[in-house]
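Report on the structure
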Amino acid sequence: MSAPRPRSPRNLSSPKVPVILVSGVEEGAMLSATISLHLGLPDAVMVRHVIDPGRQLLTRVVSDLTGVIEHEEINLAHACVACAIREDIVPTLERLAARGRWGSIVACLPVAAEAVQVCRVLAWAPRMAPHIGISAVVAALEGTTVAEDLLGPDLLDERGLATSEDDRRGVAEVGSAIVEYADVVCITEAPEPEERSLVATLARPGTPVVTDPSLLDAVGLVAGVHRHHAVEAWVAEVRRNALPPLPEGGAWRLDLCSERPIHPVRFQEELELLGGGPRRSRGCFWVPTRPDDICVWDGAGGQASVGSTQKWGRTERLTRIVVIGIDDEATEIPRAFERALLTDQEIARRGQIWEESWDGLEDWLGPIGRAA
C-alpha cells in the first residue's frame, strides 16, 4: 500500500484538520473502534495515549498506514487526565495537523478520559490549536458489559482503570457521561434490548448506535457531526427544556422537577433512595440556606456526587434531577424526591430563603458563603 501523499504545511487560513475522538472505559472496545475508523480513512493519522498513574507516565503512539511514526513516554508531574490533555494530547493533535501531511486524525484517548475535556479546551482557547477541529466524538462500549459499565458499582481503581492515584470515580459515572457526550455510540456487539434502550436513553436524541465497529461511517464522521453547543446543552446541569420521547426497549426515566428548594437535612436522609442502586441520575437543585448557588447532582451505579461551582444570577432557580434505569425499583424514587422538598408548611413559616450559618452540607458544598 502506498504512503499518503505529502501535503504542503497548513496555515491559519487553511481548513482545519478534522479530529475524531474515541473515548470509553474498556480498552478493547476503544481500540476496535479506533482501528475501524483508521482503516476507513487511508489518509488519516492515528494517535493513542495511555496513562500509567503508578509510574507517572503518559505513553503516546502515533501511526498511519505506513507504520509507527512516534512511540514516546512522557513523564508527568501528576499523571492525571487534565495534565495529560494540557501537556500532550491537545499539543500533539495540533502539531500533527500543522504538518499538513494527513487529511484527518483519529485520536484514541486514555481509558476513562472524557472527550468533553478536550472539546472544552478547544472551545475555551481556540488559539491553542488553530489547525484542528473536532468532527466527531465516538463512545466505545463493550457489548457484553453494557449494564455493568453504565450502571454498575465498580470504581475505576477496582478495575485498574484509575487515571491517577487519587482517582475515586466510578466506572458508571464515567461511562454514562461518555455516552451522554457522544455523537455516535459504538458497541462491540449487540447488547440485550434493555441495554440498548439504556444507551439510547442516555445519549443525545438522534445519536446513532452501531453494534459492530466495522459499521462506523468514518467518512461521514470526518465530514463533521459534532455540534459543540448542542452537546453542551444536552449534558448541562441545568436543563429547562422538555425531555425527548423515551426510547423503546425497557429503560425507564424519571423527570423529577420542582421550583421548590430541597431541605438540606432531609436531602441527606433521602440520599440513598435518590442516588442509590443501578441507575444514572444527574441534574441541579437548590437549598434555602444557599439560595444563590446552583447545586449539581451527578450519580451513577449507586454513587452520587454533589457540588456547586456556579450561581443562579438572574435566572430562575430550579430543582430538576433526571433518573434513568433498567431495574424494577423506580416507584420509591419520586416519593423520596417529594419528601426532600420543602413542604407548604415550611414555606409558609420560613419562606424559601433561610438565613443560617450551617446546614449540614458543608462536606459537599463548603461553608455557607452568605447570609440570605
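Preceding this paragraph is the structure being described.
All values derive from a computational prediction rather than experimental measurement.

So, how was this worked out
- Residues numbered from 1 in each chain as written.
- Predicted model: local features only at pLDDT ≥ 70, side-chain atom pairs only at ≥ 80, totals over all residues.
- Heavy atoms only, no water.
- Helix = DSSP H or I, 4+ residues; strand = E, 2+ residues; numbered from the N terminus.
- Rg over C-alpha atoms; globule rule 2.2 N^0.38 Å.
- Buried < 20%, exposed > 50% of the residue type's maximum accessible area, 1.4 Å probe, protein only.
- Contact = heavy atoms within 4.5 Å.
- Areas by Shrake-Rupley, 256 points an atom, 1.4 Å probe, with all protein chains shown as cover.
- Lys, Arg positive; Asp, Glu negative; His and termini not counted.
- Charge placed at Lys NZ, Arg CZ, Asp CG, Glu CD.
- Pairing = 2+ DSSP bridges.
- Axes fitted to C-alpha atoms, helices over the stretch in contact; angles between N-to-C directions.
- Salt bridge = Lys/Arg side-chain N within 4 Å of Asp/Glu carboxyl O.
- Parallel < 35°, antiparallel > 145°, perpendicular 65-115°, else oblique.
- Left-handed = near helix turned anticlockwise from the far one by under 90°.
- Nonpolar A, V, L, I, M, F, W, Y, C, P; charged D, E, K, R; others polar.
- Patch = residues over 30% accessible without salt bridge, like charges linked within 9 Å, V, L, I, M, F, W, Y side chains within 5 Å.

What follows covers the overall build of the chain. Scanning the chain for helices and strands turns up 13 helices and 13 strands. Here the C-alpha radius of gyration of the chain, 22 Å, is about what a compact globule of 372 residues would show, namely 21 Å. Here the C-alpha coordinates of the chain stretch approximately 80 × 45 × 40 Å along the principal axes. The buried share of the chain, taken over its 372 residues, is 53%. Sequence-distant contacts, at least 24 apart, represent 72% of the contacts inside the chain between residues at least 6 apart. Split by element, the accessible area of the chain, about 16900 Å² in all, is 51% carbon and sulfur. Taking the average place of the 37 positive charges on the side chains of the chain and the average place of its 54 negative ones, the gap between the two points comes to 8 Å.

Another aspect to go through is the sheet that holds strand β1 (residues 17-24). The eight strands lie next to each other as β4-β3-β2-β5-β1-β6-β7-β8, forming an open sheet whose pairing is mixed. Looking at the sheet topology across the chains shown, the edges are occupied by β4 (67-75) and β8 (209-210). Sheet topology note: the strand β6 (residues 132-141)/strand β7 (residues 184-187) ladder contains four bridges and is parallel. Looking at the pairing, Leu141 lines up with Ile187 of β7. Those strands touched by helix α5 (residues 171-181) are β1, β6 and β7, and its axis lies near 130 degrees from that of β6.

Across all of its chains, the model carries 30 salt bridges by this definition. As a salt-bridge pair, Arg279 and Asp327 come within 2.8 Å of each other at their nearest N and O atoms. On the criterion of sequence distance, the pair formed by Arg279 in strand β10 (residues 279-285) and Asp327 in the loop between β13 (319-325) and α11 (332-340) is long-range, its members being 48 residues apart. Exposure class is identical for Arg279 and Asp327. Each is buried. A salt bridge links Glu356 to Arg350, with the shortest nitrogen-to-oxygen separation between them at 2.8 Å. Three or more residues are tied together by salt bridges with common partners; here these are Arg60, Glu70, Glu72, Asp88 and Arg95.

Before going further, it helps to examine the packing of helix α3 (residues 115-124) against helix α8 (residues 228-235). One can describe the packing of α3 onto α8 by two numbers: an axis separation of 12 Å at closest approach and a directional angle of 125 degrees. Judged on the interaxial angle alone, α8 and α3 are oblique. Viewed along their axes, α3 and α8 form a crossing whose handedness is left-handed. Facing α3, whose interface residues are Val116, Cys119, Arg120 and Ala123, α8 presents His228, Glu232 and Val235. Grouping the amino acids of the contact of α3 with α8 by side-chain chemistry returns four nonpolar, one polar and two charged.

On to a nonpolar patch on the surface, then. A cluster of nonpolar side chains, Ile35, Leu39 and Leu65, forms an exposed patch at the surface whose accessible area comes to about 270 Å². Mapped onto the elements, Leu39 comes out in helix α1 (residues 27-39).

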